[in-house]
Each structure stands twice: as structure tokens, then as C-alpha cells.
Amino acid sequence: MTDAPVVPQRCVLVLPSTAEFDSRTYRIASTLSGRGHEVTVLARLAPGLAVAEEHPAGYRILRVPVSAAGGLPGPVRRLAARFRRDPAAPSGSRAGPVGQAGGSVRAGPPRVRRSIAGFDRLAAIALTVRDQRLATQRAAPAADLVHAMAYMGIPIGLDLGRRDGAVVVYDARDIYVDAANLARLPKPARRVFARLERGWARRATRVITVNRPYAEVMAERFGVPEPLIVLNCAYRREPGPDRPRRFHERLGLPATTRIVLYQGGFSRDRGIEQLIAALPGLPDAVLVLLGYGPLQAELEARAQEADLAERLFVLPAVDPTELIDWVASADIVAMPIQPTTLNHRLTTPNKLFEAMAAGVPVVASDLPGMAGIVGETGCGVLVEPADPEALEAAIRGLLQLPREAREAIGRRGLEAHLATYNWEAQAAILLGEYGRLTGRPW
């Protein structure tokens with residue numbers, strides 16, 4: 001990583017999730033702890049999880065309970081709680097759950113309702129962040145460097161950096177104003193969020209991100225130097241002598257069954273619906289969805305439908321330390337992400353690098369973020385994401401190749417992983433920047 005002797009330091013990573021399945025956090029934290037640093041991951045508490053956890057890789061996870069209601073000032077929170085419990089309160093007037101801080105918006109023209117709902121969503125985000133900030137201030141140890149993940153992590157990271165006089169890194173892993181639910185907010189609400197994020201980015205010591213297209217957009221929008229690029233690659237992995245068969249063993253599938261894998265977040269526009277639609281044209285294969293997210297219940301229900309039973313399987317996310325073995329058990333990894341937002345068009349998803357590390361061919365959307373890597377390495381096939389027939393044909397074409405030809409495509413991805421697209425190479429970039437920012441070798 002670096003020739004200078006490592007100076008043990010204290011790093012705090014702030015994460016707006018539970019830290020169970022976040023592979024980027026795992027890789028950073030395990031790398032740092034393996035080099036003798038004191039590493040704490042500050043995350044959110046969820047049912048069934050420990051408040052404090054010692055990870056086998058040598059770092060500590062501290063979790064705090066977080067809610068939008070918890071971010072309200074004390075008197076307002078107590079009043080809202082009493083109002084929610086009051087059986088005489090008019091229907092529809094009680095305080096809403098997280099994400100609905102002011103309750104339902106029912107009156108007015110649709111455009112007005114959308115605008116109010118958008119600012120309601122921003123208010124819920126702000127209150128949730130405030131609650132985590134207050135809880136984190138009490139729980140967080142002192143830090144020399146704070147690495148804050150995502151837009152809901154950076155305000156907390158900035159607070160800790162100010163408290164400790166520490167370097168603060170903003171890890172902007174998406175173009176958030178053009179991603180997921182934020183992309184669907186009305187323009188006035190999105191402008192408010194964009195202004196907030198720009199201020200956070202400028203207050204951070206350094207912004208980093210996950211690919212060059214993102215970096216170019218962020219440099220222009222934030223008005224900061226081009227962010228450091230640290231790709232979401234997997235740890236360098238030499239394949240074993242035998243191919244894993246995790247899915248066949250877990251699901252009791254015949255040895256001849258082909259596995260088409262989607263792994264990652266269960267949310268809209270990731271191509272999951274298109275993959276399910278392609279299944280009838282893939283008679284010798286099953287589709288496995290491995291992950292978690294807001295569509296999980298819906299997908300599990302679809303897997304029970306008569307025409308999809310024994311063809312579609314939904315499995316829970318696995319620990320990052322085991323993920324590559326599961327991916328290596330597939331025949332194809334599919335990532336037909338839809339170009340519905342700027343963030344999706346420019347994305348280089350984790351699953352691309354994980355498939356390369358597993359030596360499995362990919363079917364990926366022909367979009368600017370992914371196309372260059374897939375084309376350069378020859379690790380798979382690019383497809384027009386909005387064309388379901390093209391998606392089906394691409395998957396079927398790979399499955400119909402002789403085994404040696406299909407495995408050769410996977411090997412090209414593996415070779416690129418071993419040579420270039422691996423976490424060890426990316427960690428060297430990150431540690432070098434940590435050293436530059438703190439003046440001490442990491």
C-alpha cells in the first residue's frame with residue numbers, strides 16, 4: 001500500500017444503514033483494522049441486531065436507534081406522541097411514520113400535493129439525520145479521520161470532525177439528487193436538497209466517489225476539485241479448484257439447471273422486472289434474486305405465482321465475506337439497470353466487479369458507466385436495457401454457448417479483476433489520500 005511505516009490512527013466510518021451488508025464499508029474497515037488502526041463503524045440499530053458488535057475482521061460496529069420522530073425537539077416529540085395516542089384525534093390528523101413527518105397530504109391540486117409531499121420527505125430526512133447526529137455524538141469515540149458514507153452520513157461526519165478537529169471525507173456513492181426517491185421529488189424540493197449537499201461537500205476535507213462519470217458531475221455541481229475515484233471492487237481472489245454450487249445446494253436444484261443471478265438491492269429500475277419477463281424464453285434456467293430492499297415482499301409473492309414457481313427464487317442477502325462464493329455459483333450475472341435517472345445511466349454497480357471476481361459472465365446494460373469496463377475486459381455482453389427481447393436473447397445466447405466458451409468469457413473478467421479491478425489496488429489509492437490529508441502514513 002505504502003512504503004512508509006504505518007502510524008496507528010483512529011478512523012470512524014458513519015453509515016446511514018445497519019452495516020450488515022454494506023460491502024464498501026466492510027472493505028474499508030477491514031483494510032484499516034488489518035493495518036493496525038482503531039476502526040469504529042457508526043450505524044443504525046434495527047430489530048435483532050446488537051447495539052455493539054465486534055466484527056471478525058477486527059473493527060467495532062456501534063448502532064444507535066434512529067427515527068424521524070426522534071429528531072423532533074423534546075417538547076414537540078412528546079406532544080406528537082400524545083396526539084398519536086389520542087383516540088379522539090380526527091382520522092388522518094395523527095403524526096405520520098418515518099418519511100411522513102407531517103402525516104398524509106390529501107387536499108389541493110396534484111402539483112401542490114406533490115410539492116408538499118416532497119418537502120415532507122425532506123423534512124423526514126432532516127429529522128432522521130438530526131436524531132442520528134444527536135445519538136452519534138454521545139456514542140462516537142474520538143477520531144483522527146471521519147469517513148462519512150452517503151448524503152445522510154455526511155452531516156453527522158461533519159459534526160464529529162468539528163468536535164474532534166478531524167479530517168472528514170465525504171464518500172458520495174451516488175448522484176443522490178438524481179437517484180432513487182430523491183429523483184422523483186418535485187423540482188423545488190430537489191433544489192433545496194442539492195443546495196444542502198453542495199454545502200456539505202464543500203465543508204468536507206475531501207470528496208470521493210465510485211467512478212469517473214460521477215466524479216465529473218460532482219466536481220461541476222459541488223464546485224469542488226474532482227473527487228477521488230475509489231472503485232467498488234472486490235478483494236483480490238484466486239479461484240479455487242472446484243466451482244461452488246451454493247444455489248443448487250440451497251434450493252435443491254438438478255445439477256443441469258442454469259442459474260441466472262441478480263444480486264443487490266430490490267428496488268425499482270434495477271432491471272428485476274425485465275429479468276422476470278425474460279424467464280419464459282429461458283427454459284433451462286432459473287432466476288435467483290439475492291438481496292434485500294423495498295420490493296422484497298412483492299418479489300416473494302411473485303415467486304409463488306403458478307407460472308413462476310420453481311423458476312423464480314428470492315433469497316436473503318449474504319454477508320460480504322461470503323458473497324463471491326455465491327456469485328461464483330451462478331452461470332450468468334445480470335444487471336439490466338434501466339436508464340431512468342442520470343445516476344443509473346452513469347452507475348458502475350458493485351455487482352459488476354463482484355461478477356468479475358467470481359469469474360462469471362455478465363449481461364449488463366449498454367450505459368456509459370458500465371459499457372466501457374465490459375467492452376474493455378470482454379467479461380460479458382452489453383444489451384439495450386429497455387428492450388426485453390434483446391435482454392432475453394443476450395442471456396439465452398450466453399447460456400447456449402459451449403461451456404468452454406462461456407467460461408472463457410468469465411475468465412477474461414477474472415483476469416481483469418486480478419490485474420486491475422481489485423480492492424487492493426483501490427485501497428492503495430484511498431490510503432494514499434488518507435495519508436496526504438492527515439500528514440501521517442496509513
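**What to know about the nonpolar core**
Core analysis: the biggest nonpolar cluster contains 40 residues, and Val14, Tyr151, Ile154, Tyr170, Tyr176 and Phe193 have the highest contact counts within it. Mapped onto this core, the elements with two or more residues apiece are strand S1 (10–14), helix H3 (110–139), strand S5 (145–149), helix H4 (154–164), strand S6 (167–171), helix H6 (187–203) and helix H7 (212–222). Leave out the neighbours within four places in its chain, and Tyr176 touches Ala150, Tyr151, Tyr170, Asp171, Leu182, Phe193 and Glu197. Of all hydrophobic cores here, the second largest spans 39 residues; its members include Ile229, Phe247, Leu261 and Phe353.

**Structural notes on the sheet that holds S1**
Read across the open sheet, the 8 strands follow the order S3-S4-S2-S1-S5-S6-S7-S8; overall the sheet is mixed. Each edge of the sheet is formed by a strand with only one pairing partner; in this case those strands are strand S3 (52–54) and strand S8 (228–229). In terms of strand pairing, strand S2 (residues 38–44) meets strand S4 (residues 60–64) through 5 bridges, oriented parallel. Within the sheet, the bridge partner assigned to Val41 lies in S4 and is Ile61.

**Some points on the pairing of S5**
Both faces of the sheet carry side chains from a regular strand, because those side chains alternate between them. Burial within S5 is extensive, with 5 of its 5 residues counted as buried. On S5, burial covers both faces: Leu145, His147 and Met149 on one face and Val146 and Ala148 on the other are all buried. Alignment of S1 against S5, held across 4 bridges, turns out to be parallel. What sits directly across from Val14, in S5, is Ala148. In this sheet, S6 lies alongside S5 in parallel orientation, the contact comprising 5 bridges. Bridge pairing links Leu145 to Val167 in S6. Note that the unit made of S5, H4 and S6 has a crossover that is right-handed.

**What to know about the sheet that holds strand S11 (residues 312–316)**
Within the open sheet, the 6 strands sit side by side as S11-S10-S9-S12-S13-S14. Their pairing is parallel. One side of each edge strand has no neighbouring strand; the edge strands of this open sheet are S11 and strand S14 (380–383). The sheet shows a mean angle of 25 degrees between the axes of neighbouring strands, direction not considered. As defined by bridge partners, strand S9 (residues 258–265) adjoins strand S12 (residues 332–335) across 2 bridges and the pair is classed as parallel. Counterpart to Val260 in the pairing with S12 is Ile332. On top of the sheet, helix H13 (residues 350–358) reaches S9, S12 and strand S13 (362–365); it is set at about 165 degrees to S12, its chief contact.

**With respect to the pattern of salt bridges**
Within this structure, the stated rule accounts for 25 salt bridges. Its salt-bridge partner being Arg162, residue Asp159 comes within 2.6 Å of it at the nearest N-O pair. Of this pair, Asp159 and Arg162 both sit in helix H4, 3 residues apart, which is roughly one turn of that helix. Since its relative accessible area comes to 10%, Asp159 is described here as buried. A single salt-bridge network, built from bridges that share partners, covers Arg10, Asp144 and Arg440.

**Some points on unusual backbone geometry**
Its identity is not glycine, yet Ala150 carries a phi of approximately 70 degrees, on the positive side. Its place among the elements puts Ala150 in the loop between S5 and H4. Residue classification places Ala150 among the buried positions, given a relative accessible area of 12%. Located in the positive-phi region is Ala180, a residue other than glycine, with phi close to 50 degrees. Within the secondary structure layout, Ala180 lies in helix H5 (residues 180–183).

How each quantity is defined
Residues numbered from 1 in each chain as written. Predicted model: local features only at pLDDT ≥ 70, side-chain atom pairs only at ≥ 80, totals over all residues. Heavy atoms only, no water. Core = buried A, V, L, I, M, F, W, Y, C linked by side-chain atoms within 4.5 Å. Buried < 20%, exposed > 50% of the residue type's maximum accessible area, 1.4 Å probe, protein only. Helix = DSSP H or I, 4+ residues; strand = E, 2+ residues; numbered from the N terminus. Contact = heavy atoms within 4.5 Å. Pairing = 2+ DSSP bridges. Right-handed = clockwise from strand over helix to strand, strands pointing away. Axes fitted to C-alpha atoms, helices over the stretch in contact; angles between N-to-C directions. Salt bridge = Lys/Arg side-chain N within 4 Å of Asp/Glu carboxyl O.

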